[in-house]
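Residue-level structure breakdown
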Amino acid sequence: MSQTSEVSSPSPSRHASPNPGSDVAADLLREGSITGRQSSENGDIPIVSVSNASKSFASADMPPVQAMIDVSLDVSLGEFVVIVGPSGCGKSTLLNIIAGLIEPDTGNVSLDSDIEAERIGRVAYMHQIDLLLPWRNVLENAVLGLEIAGVSRREAESKATDLASKFGIDDFLNAYPATLSGGMRQRVALLRAVLPERSVLLLDEPFKALDAITRAELQRWLSDVLDRSNRATIMVTHDVEEALMLGDRVLVMSSRPGQILLELEVDLPRPRPNDVVRDQKFVEFKWQLLSALDGVTVA
Ligand code: ADP
Ligand code: MG
């Protein structure tokens, strides 16, 4: 049976196991890491905690835009949480807040239960656009985050090369981004994001620009390639099927100002094959998400 709940406070967190995930673009990367102090003994401590966060943007000659309001979210190591919502509802704003790129006007955000600590550079963040540097080849792009974190080029390249076949890019390490397909670029961007090993991975519409076939292939691939037990993953999408293919939990956001309208526990077994979309439970979940989104206006 489906399990949904109206969300007014952070949801209970679940499993935990220590170990980090990683980071991406040059402007985001700074020194620092999350300790991953949850253990199986105290697994209820969320690694990401957002509590009643609101954010508006002011501009000179326009009224302020209230992007999101009163958003609460707890995510534990081992969880894959998906946020679904219409364009302009504050999804990227929420990820930017978690990453420490911006601060909420009100509310609290913490990584590893430390409200005071800087968040910037402590999470892996794969942006809506892949941000690959055109003058660097695939290997040089993949190691960028590690280099910025102070790892030697030699060690960084060795780590990237070790993972390249798992990411399906081992034949392209010398290629430049302009010569790669959209799907291949996303694989490189994800490898760059996960290499520096952070415990929190943020994915902002990672498959948005891809055709349907590549998208389905990469969804399956992502599900296989990510060791979920080692990190907390928060992915944003506007595709409810993608959310159900990948998520342990799906949160639906309202149109702007974004609020969390619904939380859905996706207790479908993994791995989830392509034909899971015909599973009665999947269909029921999809219907619940679409119903929650029904009436949500698009910016
Ligand atoms: P989403 O990712 O859900 O499409 P965003 O979080 O990017 O939405 O944006 C939410 C709202 O906040 C939009 O109306 C957007 O124009 C506005 N916004 C986001 N970032 C800024 C900014 N830096 N300055 C002004 N307005 C912004
Ligand atoms: Mg966005």
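What counts, and at which threshold
- Residues numbered from 1 in each chain as written.
- Chains lettered and ligands numbered in written order.
- Predicted model: local features only at pLDDT ≥ 70, side-chain atom pairs only at ≥ 80, totals over all residues.
- Axes fitted to C-alpha atoms, helices over the stretch in contact; angles between N-to-C directions.
- Helix = DSSP H or I, 4+ residues; strand = E, 2+ residues; numbered from the N terminus.
- Parallel < 35°, antiparallel > 145°, perpendicular 65-115°, else oblique.
- Left-handed = near helix turned anticlockwise from the far one by under 90°.
- Contact = placed C-beta atoms within 7 Å.
- Nonpolar A, V, L, I, M, F, W, Y, C, P; charged D, E, K, R; others polar.
- Near = placed C-beta within 6 Å.
- Pairing = 2+ DSSP bridges.
- Buried ≥ 20, exposed ≤ 12 C-beta atoms within 10 Å, placed from the backbone.
- pLDDT = per-residue confidence, 0-100.
- Core = buried A, V, L, I, M, F, W, Y, C linked by C-beta atoms within 7 Å.
- Expected span 1.5 Å × (residues − 1).
- Arc of directions from axis to C-beta.

**Considering the packing of helix H5 (residues 182–194) against helix H6 (residues 212–225)**
Two packed helices can be described by the angle between their axes and the distance between those axes. At their nearest, the axes of H5 and H6 sit 10 Å apart, and the two run at 25° to each other. One finds that H5 runs roughly parallel with respect to H6. Both H5 and H6 take part in a crossing whose hand is right-handed. Packed against H5, whose contacting residues are Gly182, Gly183 and Gln186, the element H6 presents Thr214, Glu217 and Leu218 at the interface. Across the contact of H5 with H6, the residue classes tally to one nonpolar, four polar and one charged.

**A word on the site of ligand 1**
Within the structure, ligand 1 sits among 14 residues, and Phe57, Ala67, Lys91, Ser92 and Thr93 are positioned closest to it. Those elements that provide at least two residues to the shell around ligand 1 are strand E2 (48–59), strand E3 (62–75) and helix H1 (91–99). Looking at which element gives the most residues to the shell around ligand 1, the answer is H1, with three residues. Looking at side-chain class alone, the shell around ligand 1 contains five nonpolar, seven polar and two charged residues.

**What to know about the sheet that holds E2**
Ordered in space as E3-E2-E5, the three strands form an open sheet in which the pairing is antiparallel. Because the sheet does not close on itself, it has two edges, and the strands there are E3 and strand E5 (106–111). With strand direction ignored, the average angle separating the axes of adjacent strands in the sheet is 30°. Note that E2 and E5 share five bridges and pair antiparallel. Of the residues in E5, the one forming a bridge with Val48 is Leu111. Here H1 sits on the sheet in contact with E2, E3 and E5, set at roughly 115° to E2.

**Concerning the pairing of strand E9 (residues 249–253)**
Counting buried positions over the five residues of E9 gives five, a clear majority of the element. Here E9 shows no split at all, with Arg249, Leu251 and Met253 on one side and Val250 and Val252 on the other all buried. For strand E4 (residues 80–84) and E9, the ladder comprises four bridges, and the chain directions are parallel. Bridge pairing links Val81 to Arg249 in E9. Of the pairings in the sheet, the one linking E9 to strand E10 (residues 260–265) comprises five bridges and is antiparallel in character.

**Some points on the confidence of the model for the protein**
Residues of the protein with pLDDT of at least 70 account for 84%, and the chain-wide mean is 83. The low-confidence segment residues 1–42, where pLDDT is below 50, has 133 contacts with residues more than four positions distant or belonging to other chains.

**Some thoughts on the environment of Cys89**
Relative to the helices and strands, Cys89 is located in the loop between E4 and H1. A residue is classified by how many C-beta atoms lie within 10 Å of it, and Cys89, with 27 of them, is buried. Along the primary structure Cys89 and Met68 are separated by 21 residues, whereas in three dimensions their C-alpha atoms are 6.9 Å apart. If sequence neighbours within four positions are ignored, Cys89 has contacts with Met253, Ser254, Ser255, Arg256 and Gly258.

**Things to note about the environment of Ser199**
Checked against the element boundaries, Ser199 lands in the loop between H5 and strand E7 (200–204). Owing to 26 C-beta atoms within 10 Å, Ser199 belongs among the buried residues under this scheme. For the pair formed by Ser199 and Thr233, sequence separation is 34 residues and the distance between their alpha carbons is 8.4 Å.

**A closer look at the nonpolar core**
In terms of nonpolar packing, the biggest core is built from 78 residues, with Ile98, Leu202, Ile234, Val250 and Leu289 touching the most fellow members. If one sorts the elements of this core by residue count, H5 sits on top with seven residues.

**Overview of H5**
The end-to-end C-alpha distance of H5 is 19 Å, a good match for the 18 Å that 13 residues give at a rise of 1.5 Å each. Burial within H5 is extensive, with 11 of its 13 residues counted as buried. Turning to H5, its buried residues number three or more, namely Met184, Arg185, Gln186, Arg187, Val188, Ala189, Leu190, Leu191, Arg192, Ala193 and Val194.

**Overview of H6**
Look at H6: 20 Å from first C-alpha to last across 14 residues, which is about the 20 Å you get at 1.5 Å a residue. Every buried residue of H6 is accounted for by Arg215, Leu218, Gln219 and Leu222. Taken end-on, H6 shows its buried residues confined to a sector of 110°, consistent with a single buried face. Away from its buried face, by an angle of more than 90 degrees, H6 presents the exposed residues Ile213 and Asp224.

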